[in-house]
Structure formats: C-alpha cells, structure tokens
Amino acid sequence: MNPNEIGKRLGIGVRVAGRIAQQRMQEKAAASSPESSSNQTSATSAPRSAPVNPLPTQPLPSREEVLNRSRDLAAKSHKYTRAAGRGAGRGLAGFLRPFSRVGGILWLEVTGFFFGLFGLYFAQDLWRTRLNYAAGPEHQRFLIAIAMTALFGYLSISSFWRARRK
C-alpha cells in the first residue's frame, strides 16, 4: 500500500466519521427539544428526510480475511521499518566516520594520561623507599613500587605511542 492510498482512505474515513457525528448531533438536538415546540413546528415545517447511510453496504469480511490482511500489512510494515532502520544506521555511521579516528586518538591520549598519573604516584612511593632497596623493613614495598611504576609507565608510553601511530 503506497502513501497516496493510505491518505485517500484516511481522508474518506474522516469525512464519513464527520457525517455520522453531525447526524447524531442533529438527532440529539431534535430529541432534547420540548414536545410542545416540536408539535407546533411539525405542523408547519416540511417533513424530515430519512438520514443517508454514509457507509457502504458491502458484506463484512470474514475473520480469516481480516487476519490475512492484517498479517500482510504487518509483514509489509516490518519490511519498510527494517529498511528505514538500516538507512538511518548507515547515515549515522557515515556521519560519525570522520570523528571515529579523532575519538580513538583522544581516547588513547586520555588513558595514557591517567596511566601516567598512576605511574607518578607509584614513582613517589619508589622515591620514598629508595634507601631500603637492598634490605630493610620496607624492602617488599620498594619492590612493589618498582613493579607498579614500570607497569603504569609502560601502559602510559604505549598508549601515547599508539595514539601517535594512528
């Protein structure tokens, strides 16, 4: 079903619903008026015409026909929805593609900076315990500080190196 067909059917439905609502309002207005005034006016006024049935007199479709049509419409709308979703995804990917390289470089630099901060923290501890490098009460802490400083220093330098290569 193309968009023009949908618009035509929607327009027809709105017009029919408007006519039905107008007729019901006129019937309510006529029913709510006092009987005395309607007796006086009925003698002088022209007879009312019968209401026109705006709905077509086609037989109602069977339950199976309705279910089949609804399945067909659901399948078509699913197809169009998936196509629209794929198109939106491709458009977004095309829009973000130039930013992905810059975002990747920025991510590597930020992580390298934070690894560098942790490396500096452990380097301070290394400096404080430098006198206990061979033996002493904080010898184990000195060895841990060396390992952590080396690890975070490597992670920081390698992160900046990868950012430069990108």
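Criteria and cut-off values
- Residues numbered from 1 in each chain as written.
- Predicted model: local features only at pLDDT ≥ 70, side-chain atom pairs only at ≥ 80, totals over all residues.
- Heavy atoms only, no water.
- Patch = residues over 30% accessible without salt bridge, like charges linked within 9 Å, V, L, I, M, F, W, Y side chains within 5 Å.
- Areas by Shrake-Rupley, 256 points an atom, 1.4 Å probe, with all protein chains shown as cover.
- Salt bridge = Lys/Arg side-chain N within 4 Å of Asp/Glu carboxyl O.
- Helix = DSSP H or I, 4+ residues; strand = E, 2+ residues; numbered from the N terminus.
- Expected span 1.5 Å × (residues − 1).
- Buried < 20%, exposed > 50% of the residue type's maximum accessible area, 1.4 Å probe, protein only.
- Contact = heavy atoms within 4.5 Å.
- Polar contact = N/O pair within 3.5 Å; in protein donor to acceptor, adjacent residues only side chain to side chain.
- Axes fitted to C-alpha atoms, helices over the stretch in contact; angles between N-to-C directions.
- Parallel < 35°, antiparallel > 145°, perpendicular 65-115°, else oblique.
- Left-handed = near helix turned anticlockwise from the far one by under 90°.
- Nonpolar A, V, L, I, M, F, W, Y, C, P; charged D, E, K, R; others polar.

**Quick word on a nonpolar patch on the surface**
Together, Leu106, Val110, Phe113, Phe114, Leu117, Phe118, Leu120 and Phe160 make up an exposed nonpolar region whose accessible area comes to about 780 Å². The element that contributes the greatest number of residues to the nonpolar patch is helix 3 (residues 63-128), accounting for seven residues. Here Phe113 shows up in helix 3.

**Section: helix 4 (residues 139-165)**
Across its 27 residues, helix 4 extends 39 Å between first and last C-alpha, which sits within 8% of the 39 Å expected from 1.5 Å per residue. Listed as buried for helix 4 are Phe142, Ala145, Thr149, Phe152, Ser156, Ser159 and Ala163. Turning to helix 4, the residues buried within the fold contact helix 3.

**A word on the side chain of Ser156**
Within the fold, Ser156 resides in helix 4. When neighbours within four sequence positions are excluded, Ser156 is seen to be in contact with Gly112, Phe115 and Gly116.

**Some details on the environment of Arg128**
Here Arg128 shows up in helix 3. Looking at Arg128, the relative accessible area reads 57%, which means it is exposed. When the C-alpha positions of Arg128 and Phe142 are compared, they lie 8.6 Å apart, and in sequence the two are 14 residues distant. Reaching out from Arg128, the side chain makes a polar contact with the side chain of Asp125 at a distance of 3.2 Å.

**Concerning the environment of Tyr133**
If you trace the backbone, Tyr133 turns up in the loop between helix 3 and helix 4. Taking the C-alpha atoms as reference, Tyr133 lies 7.7 Å from Leu143; in sequence the two are 10 residues apart. In this view, Tyr133 contacts His139 and Phe142; residues no more than four positions away in its chain are not counted.

**A closer look at the packing of helix 3 against helix 4**
Where helix 3 meets helix 4, the axes come as close as 7 Å, and the angle between the chain directions of the two elements is 160°. Considered as vectors, helix 3 and helix 4 are oriented roughly antiparallel to each other. Of the two possible hands of crossing, helix 3 and helix 4 adopt the one that is left-handed. A class-by-class count of the residues in the contact of helix 3 with helix 4 yields 16 nonpolar, seven polar and four charged.

**A closer look at the pattern of salt bridges**
In the structure shown here, the tally under the stated rule is two salt bridges. In this structure, Arg128 engages Asp125 in a salt bridge whose closest nitrogen and oxygen atoms are separated by 3.2 Å. Taken together, the residues span about one helical turn, with Arg128 and Asp125 both in helix 3 at a distance of three residues. A salt bridge links Arg141 to Asp125, with the shortest nitrogen-to-oxygen separation between them at 3.2 Å. In this pair, Arg141 sits in helix 4 while Asp125 sits in helix 3, placing the two residues 16 residues apart along the sequence. Accessibility expressed as a relative area gives 44% for Arg141, which makes it partly exposed. Take Asp125: its relative accessible area is 9%, and that puts it in the buried class. Because the salt bridges share partners, they merge into one network encompassing Asp125, Arg128 and Arg141.

Read these as geometric descriptors, not functional statements.
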